[in-house]
Amino acid sequence: MGMGSNAALAEGTAATVNIDSSAKLIEAIKNQEDGQTWVLQAGTYNVGDDCLEVEANINNVATGFVFPIFVDDLTIRGEGEVTITSDYDPNTGAWNLQNLITVKGQGVTIENVNLKGNPNTFYDGQCNKVIELIDGAKDFTLKDVELLPIDDADGKQNSGSIYVNVADAGNTVLENVTMYSWISARTVTAGTVTAKNVVQDFTDNTYAGYSADGVYG
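Definitions and limits used
- Residues numbered from 1 in each chain as written.
- Predicted model: local features only at pLDDT ≥ 70, side-chain atom pairs only at ≥ 80, totals over all residues.
- Heavy atoms only, no water.
- Helix = DSSP H or I, 4+ residues; strand = E, 2+ residues; numbered from the N terminus.
- Buried < 20%, exposed > 50% of the residue type's maximum accessible area, 1.4 Å probe, protein only.
- Contact = heavy atoms within 4.5 Å.
- Areas by Shrake-Rupley, 256 points an atom, 1.4 Å probe, with all protein chains shown as cover.
- pLDDT = per-residue confidence, 0-100.
- Phe/Tyr/Trp six-rings, centres within 6.5 Å; stacked < 30°, edge-to-face > 60°.
- Salt bridge = Lys/Arg side-chain N within 4 Å of Asp/Glu carboxyl O.
- Core = buried A, V, L, I, M, F, W, Y, C linked by side-chain atoms within 4.5 Å.
- Pairing = 2+ DSSP bridges.
- Axes fitted to C-alpha atoms, helices over the stretch in contact; angles between N-to-C directions.

(A) Here's a closer look at the overall build of the protein chain. When helices and strands are counted, the protein chain shows 1 helix and 14 strands. Counting all 217 residues of the protein chain, 45% fall into the buried class. Taking as baseline every contact in the protein chain between residues at least 6 positions apart, the subset at least 24 positions apart corresponds to 64%. Counting only carbon and sulfur atoms, one obtains 42% of the accessible surface of the protein chain, whose full area is about 9,600 Å².

What follows is the structure, encoded as structure tokens:
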């Protein structure tokens, strides 16, 4: 799968993809390959609904993902103040369209960016899941990241959750992460999910005080 000028300089060398516009990020998502490093320059990147037709084939769903990652050893790194988001409102509770980023690949790293979930009218305008690991995803790293909050009609805020929805998480690490929701790893039975300096701010949060069979507080 070629990426023109963004292709590796030599066979066996992973490509570095330099990104400075939403259009280039969308192109990278559509043409992702194992082992790439995407370097995003400072700015806000809105993927909208441009990747819904990408053949991601995640968890037996072929298409319909806002930002799918289905390759291995992909690194997404921000240079300066970077925000990745989507203004697409799916207005549905369908699992795949609840997510901003859906990860199937192994060894994926996202670092030094802000992530702001897409609004979903089905959830009063808020994002349910900013990131979901599913379908064999493992060895995931999220580092130096803020999951930005979205306000609902009553001024309550929620960033959307991180959902580690796999049995084997491998060595999954969340480090220097600020978020306004919870982390779920209830399906994990092997590997580790390590949280280092993770801040979960439930001030004026939509789900503050919510509980379900003692799982959330």
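(B) Examining the confidence of the model for the protein chain more closely. Chain-level statistics for the protein chain give a pLDDT mean of 91 and a share of 90% at 70 or above. Here residues 1–13 scores under 50 on pLDDT; set against residues more than four positions off or in separate chains, the count is 19 contacts.

(C) Region of interest: the packing of aromatic side chains. Inspection of every chain in the model, using the stated rule, returns 3 aromatic pairs. Arranged with centres 6.5 Å apart and planes meeting at 25°, the rings of tryptophan 38 and phenylalanine 67 form a pair that is stacked. Taken as a pair, tryptophan 38 in strand E2 (residues 37–46) and phenylalanine 67 in strand E3 (residues 67–69) lie far apart in primary sequence, 29 residues in all. A ring pair is formed by phenylalanine 122 and tyrosine 123, whose centres lie 5.1 Å apart and whose planes are at 80°; its orientation type is edge-to-face.

(D) Representation of unusual backbone geometry. The phi dihedral of aspartate 139 is positive, around 55°, even though this residue is not glycine. Mapped onto the secondary structure, aspartate 139 falls in the loop between strand E7 (129–133) and strand E8 (141–147). One non-glycine residue, asparagine 176, lies in the positive phi region at around 55°. Along the chain, asparagine 176 turns up in strand E12 (residues 168–179).

(E) Geometry of the pattern of salt bridges. Taken as a whole, this structure holds 5 salt bridges when the rule is applied. Notably, a salt bridge pairs arginine 77 with glutamate 79, separated by 3.3 Å at the nearest N-O pair. Residue lysine 138 pairs with aspartate 168 through a salt bridge whose shortest N-O separation is 3.0 Å. In this pair, lysine 138 sits in the loop between E7 and E8 while aspartate 168 sits in strand E12, placing the two residues 30 residues apart along the sequence.

(F) Examining the nonpolar core more closely. Grouped together as the largest cluster of nonpolar side chains are 47 residues, with contacts concentrated most on Leu25, Trp38 and Leu115. The contact partners of leucine 25, leaving out residues within four places of it in the chain, are Ile19, Trp38, Leu40, Tyr45, Val47, Phe67 and Ile84.

(G) Main features of the side chain of serine 161. The topology assignment puts serine 161 in strand E11 (residues 161–164). Discounting residues that sit within four places of it in the chain, serine 161 has contacts with Asn128, Lys129, Val130, Ile131, Met179, Ser181 and Trp182.

(H) Highlighting the sheet that holds E2. Spatially, E1-E2-E4-E6-E8-E12-E14 is the arrangement adopted by the 7 strands of the open sheet, whose pairing is parallel. With one partner strand each, in any of the chains shown, strand E1 (16–19) and strand E14 (190–200) form the two edges of the open sheet. Shown here is a sheet whose adjacent strand axes are inclined to one another by a mean of 15°, direction ignored. Note that strand E4 (residues 75–85) and strand E6 (residues 109–116) share 6 bridges and pair parallel. Paired with isoleucine 76 across the bridge in E6 is isoleucine 110. With respect to the sheet, helix H1 (residues 22–30) is in contact with E1, E2 and E4, its orientation differing from that of E2 by roughly 135°.

(I) How the structure looks around the sheet that holds strand E5 (residues 99–103). Read from one edge to the other, the open sheet built from 5 strands follows the order E3-E5-E7-E11-E13, with strand pairing classed as parallel. With partners counted over all chains shown, the strands left at the sheet margins are E3 and strand E13 (183–184), one partner each. Examined bridge by bridge, E3 and E5 share 3 bridges and lie parallel to one another. Counterpart to phenylalanine 67 in the pairing with E5 is isoleucine 101.

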